[in-house]
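# Descriptive structure summary
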Amino acid sequence: MATSTLLAPSSTRSRFKTVLWIFLGLTTLFVFITSEVLLVTDYPMYHAYRLQVIADRGLLIPHTLAGIFALLIGPINFSSRIRQRHLTLHRVLGRIYVVSVFVGSFTGIALAWGRPGLPGTAMQAAAWMVCTTAAFLTARNRHIIQHRQWMVRSYAVTFTFVSSRMLNLWPRYWSHLGDSLSAVGVIAFTLASLLIVELGLNWRELTTRRA
């Protein structure tokens with residue numbers, strides 16, 4: 001498998017990673033402020049969603065916690081410095097990440113069961129579990145480059161829990177909460193995230209001719 005420009009050690013890569021993590025962090029903060037914080041009050045546009053959250057809190061709490069763990073562990077385990085200096089911590093957090101992915105996936109499917117959004121959630125959960133399982137197996141078999149690439153794919157799916165909520169800013173999305181639009185949005189963001197990752201992982205091969 002080709003080595004990725006995302007994984008090739010260089011100062012350019014280091015700067016790229018810094019900019020990328022800053023962008024992802026700001027996006028997460030933006031989504032949290034414009035979406036989840038407003039659930040504390042009965043904000044009109046989110047009224048139906050707020051009622052759904054309250055009704056589903058038994059599943060939603062472990063689902064949310066699992067997603068938060070996965071989101072936070074990603075940046076830590078992608079750090080080359082932390083991985084080199086604290087390999088045991090890297091491995092422990094990696095196992096917690098895997099468990100979080102499966103908890104988040106199954107609770108997500110349970111939350112969507114019987115609702116029009118189930119196809120989108122099931123597809124997202126399947127992609128999340130497949131990429132994470134592949135990352136775990138390649139790490140166990142000591143295929144480190146492939147492990148890192150699969151972790152990039154897995155985290156791309158993890159981040160769709162943030163990026164797909166950009167739709168929250170579109171009032172029409174909320175006025176039709178629960179219809180097929182939510183499933184289409186989740187599928188589109190998942191596929192787009194994986195496609196962007198694949199382009200990044202193969203950018204060198206796409207932009208340079210082999211000697």
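Residues numbered from 1 in each chain as written. Predicted model: local features only at pLDDT ≥ 70, side-chain atom pairs only at ≥ 80, totals over all residues. Heavy atoms only, no water.

## Focus on the overall build of the chain
The condition that has to hold: Helix and strand assignments come from DSSP, with helices taken as H or I runs of at least 4 residues and strands as E runs of at least 2, each series counted from the N terminus. We call a residue buried when its accessible area falls under 20% of the maximum for its residue type, exposed when it is over 50%, and partly exposed in between, using a 1.4 Å probe and counting protein chains only. Residues are treated as being in contact if the distance between any of their heavy atoms lies within 4.5 Å. Computed by Shrake-Rupley with a 1.4 Å probe, the accessible areas treat only the displayed protein chains as cover when residues are assessed.
Looking only at helices and strands, the chain features 10 helices and 0 strands. Taken from the N to the C terminus, the helices and strands of the chain come in the order α-α-α-α-α-α-α-α-α-α. Looking at the chain as a whole, 39% of its 211 residues qualify as buried. Here the contacts in the chain between residues at least 6 apart in sequence split such that 72% fall between residues at least 24 apart. Carbon and sulfur atoms make up 70% of the accessible area of the chain, which totals about 12400 Å².

## Here's the deal with the packing of aromatic side chains
Note the following rule: Note on aromatic contacts: the rings of Phe and Tyr and the six-membered ring of Trp form a pair at centre separations within 6.5 Å, being stacked when their planes are under 30 degrees apart, edge-to-face when over 60 apart, and tilted otherwise.
With the rule as written, the count across this model stands at 5 aromatic pairs. Judged by centre distance (5.5 Å) and plane angle (65°), the ring pair of Trp 21 and Tyr 155 falls under edge-to-face. Placement of the pair is Trp 21 in helix α1 (residues 11–36) and Tyr 155 in helix α7 (residues 144–163), with a sequence separation of 134 residues. Geometrically, the ring pair formed by Trp 128 and Phe 161 is tilted, given 4.8 Å between the ring centres and 55° between the ring planes.

## A few points about the environment of Phe 32
Locating Phe 32 in the fold gives a position in helix α1. The sequence separation of Phe 32 and Val 162 amounts to 130 residues, and the corresponding C-alpha distance is 8.4 Å.

## So, the pattern of salt bridges
Definition in use: Think of a salt bridge as a Lys or Arg side-chain nitrogen and an Asp or Glu carboxyl oxygen that are within 4 Å of each other.
Summed over all chains, the structure comprises 1 salt bridge. A salt bridge links Glu 198 to Arg 153; its shortest N-O distance comes to 2.4 Å. Of this pair, Glu 198 sits in helix α9 (residues 180–201) while Arg 153 sits in helix α7, and the two are 45 residues apart along the sequence.

## So, a nonpolar patch on the surface
Convention followed: Each patch is assembled from residues with relative accessible area greater than 30% and no salt bridge, linking like charges that lie within 9 Å and nonpolar side chains (Val, Leu, Ile, Met, Phe, Trp, Tyr) that lie within 5 Å.
Taken together, Ile 61, Leu 65, Ile 68, Phe 69, Leu 72, Val 92 and Ile 96 make up a surface patch of nonpolar side chains, about 630 Å² in accessible area. Those elements that place two or more of their residues in the nonpolar patch are α3 (57–78) and α5 (87–112). Per-element tally for the nonpolar patch: the top contributor is α3, with 5 residues. Note on Ile 68: relative accessible area 39%, which makes it partly exposed.

## Some points on the nonpolar core
Using the following cut-off: To form a nonpolar core, buried Ala, Val, Leu, Ile, Met, Phe, Trp, Tyr and Cys residues must be joined to one another through side-chain atoms within 4.5 Å.
If you look at the biggest cluster of nonpolar residues, it comprises 27 residues, and the most contacted ones within it are Tyr 97, Trp 128, Tyr 155 and Phe 159. For this core, the secondary-structure elements that each account for two or more residues are α1, α3, α5, α6 (118–140), α7 and α9. A per-element tally of this core places α7 first, with 8 residues. Setting aside residues no more than four positions away along its own chain, Tyr 155 makes contact with Trp 21, Leu 24, Ala 70, Leu 71, Gly 74, Pro 75, Phe 78 and Tyr 97.

## What to know about the side chain of Ser 79
Using the following cut-off: We call two N or O atoms a polar contact when they sit within 3.5 Å, provided that within protein one can donate a hydrogen and the other can accept it, with sequence-adjacent residues counted only if both atoms are side-chain atoms.
Along the chain, Ser 79 turns up in the loop between α3 and α4 (80–85). Here Ser 79 falls in the buried class, since its relative accessible area comes to 19%. Within polar-contact distance, the side chain of Ser 79 engages the backbone nitrogen of Ile 82 at 3.3 Å.

## Quick notes on α3
The α-helix advances 3.6 residues per turn, and as a result positions three or four apart in sequence lie on the same side. Note the threshold: Multiplying 1.5 Å by the residue count of a helix minus one yields the expected span of that helix.
Between its first and last C-alpha atoms α3 spans 31 Å; for 22 residues at 1.5 Å apiece the expected length is 32 Å, and the two agree. Among the residues making up α3, those that are buried are Leu 60, His 63, Ala 66, Gly 67, Ala 70, Leu 71, Ile 73, Gly 74, Asn 77 and Phe 78.

## Some thoughts on the confidence of the model for the chain
The test is simple: pLDDT: the predictor's confidence for each residue, scored from 0 to 100.
Residues with a pLDDT of 70 or more make up 78% of the chain, whose mean pLDDT is 81. When pLDDT is averaged over each element of the chain, α5 comes out on top at 94 and helix α8 (residues 171–175) at the bottom at 53. For the stretch residues 1–8, pLDDT sits under 50, and the model shows 29 contacts to residues farther than four places along the chain or on other chains.

## So, the environment of Val 101
Looking at where Val 101 falls in the secondary structure, it is placed in helix α5. On the basis of relative accessibility, which here comes to 0%, the residue Val 101 falls in the buried class. For the pair Val 101 and Ser 154, spaced 53 residues apart in sequence, the C-alpha to C-alpha distance is 9.1 Å. Apart from the residues lying within four places of it in its own chain, the contact partners of Val 101 are Trp 128, Met 129 and Thr 132.

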